[in-house]
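Structure at a glance
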Amino acid sequence: MKSRVIVFTGSTASGKSTQMYLLCSLLKRWGEKCLRLSVAPFSNLLILKLIKKVAESSYPIKITDKSDIAFIEAINPKLLERILSILVFINFVKLVFITLIVKILNTLGIIVLIEDYAPQMILDHLLYSKLYKDSNTTVHNIIVYIESKVVTKLLKESFFIHVYATSVERARRRSLTEVVGFYNEVTRSKLVISLYKKVSSQYIVVDTTNKTPLDTFFEIYARLPHDIRSCIFALKS
């Protein structure tokens, strides 16, 4: 295994955060150094939080259970269209910075478990680029192209675990309408798997429908390649 990095992807309420927690807890119990990170697309961007803060004070209808970018898209799609290239660029810089941090952590012997990260980020950027075609300036296209090249390299240096569940199961777990629909069914599931098939052989896909978190965890462990299991699950002597 070239890198001690494991990336978890999957749709909302599919169980990826729970599986990250279980795996990290086991690694720490066995004496390994482990760190969990969540790097969701367009998350924790100051510009989006500022716009959302201003909009919430003047917008008459409260929109709950939406990310910052989904909130802006709901109340002012034209604004999102104008600033999309800036958001993609900031997100890309964030991705590069986190990647450097992850490499440093690896050199210190720390296993890093990351939620979403590069695969989901590039797919979200491509999705919004298609939805808001007017934002496809030359600069925007260059950013997405460079990002895709960087992401392809990252995909070859990590191991990926994609978890999914039926829309009915995810809705039952979260009780939110946001867990169903095109974004979760396609962008967070089918497109991610398609990306893995094209650029990486280091991945597994696990269905969590009607399974307890522990059942899912045991299945993930059993399906990990032998070289990875021997690398990250070796008991300390």
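Above this text sits the structure in question.
Here goes a summary of the coordinates provided.

Parameters at a glance
Residues numbered from 1 in each chain as written. Predicted model: local features only at pLDDT ≥ 70, side-chain atom pairs only at ≥ 80, totals over all residues. Heavy atoms only, no water. Phe/Tyr/Trp six-rings, centres within 6.5 Å; stacked < 30°, edge-to-face > 60°. Helix = DSSP H or I, 4+ residues; strand = E, 2+ residues; numbered from the N terminus. Buried < 20%, exposed > 50% of the residue type's maximum accessible area, 1.4 Å probe, protein only. Expected span 1.5 Å × (residues − 1). Bend = angle between axes of the 7 residues up to and from the residue. Pairing = 2+ DSSP bridges. Axes fitted to C-alpha atoms, helices over the stretch in contact; angles between N-to-C directions. Contact = heavy atoms within 4.5 Å.

Some thoughts on the packing of aromatic side chains
By convention here, two paired aromatic rings are described through the distance between centres and the angle between planes. Inspection of the entire model under this criterion finds four aromatic pairs. Plain terms: the ring middles of Phe42 and Tyr128 are 5.5 Å apart, the flat faces sit at 85° to each other, and that makes the pair edge-to-face. Of this pair, Phe42 sits in the loop between strand S2 (33-39) and helix H2 (46-58) while Tyr128 sits in helix H5 (residues 117-131), placing them 86 residues apart in sequence. Assessed through its relative accessible area of 2%, Phe42 is described here as buried. For the pair Tyr196 and Tyr203, a centre-to-centre distance of 5.5 Å together with 35° between the ring planes defines the contact as tilted.

Digging into helix H4 (residues 77-107)
Counted at 1.5 Å a residue, the expected span for H4 with its 31 residues is 45 Å, and the 43 Å between its end C-alpha atoms agrees. Of all bends in H4, the biggest is about 55°, found at Ile83. Count one or two residues on from H4 and you reach Gly109, which has phi positive near 85°.

A word on the sheet that holds strand S4 (residues 159-164)
Here we have five strands laid out as an open sheet, ordered S2-S3-S1-S4-S5, and parallel in their pairing. Bordering the open sheet on either side are S2 and strand S5 (203-207), each of which pairs with just one other strand. For this sheet, the mean inter-axis angle between neighbouring strands, taken without regard to orientation, is 20°. With five bridges joining them, S4 and S5 adopt parallel strand pairing. The residue of S5 that forms the bridge with Tyr164 is Asp207. H5 contacts strand S1 (5-10), S2, strand S3 (110-116) and S4 of the sheet and is inclined by roughly 25° relative to S3.

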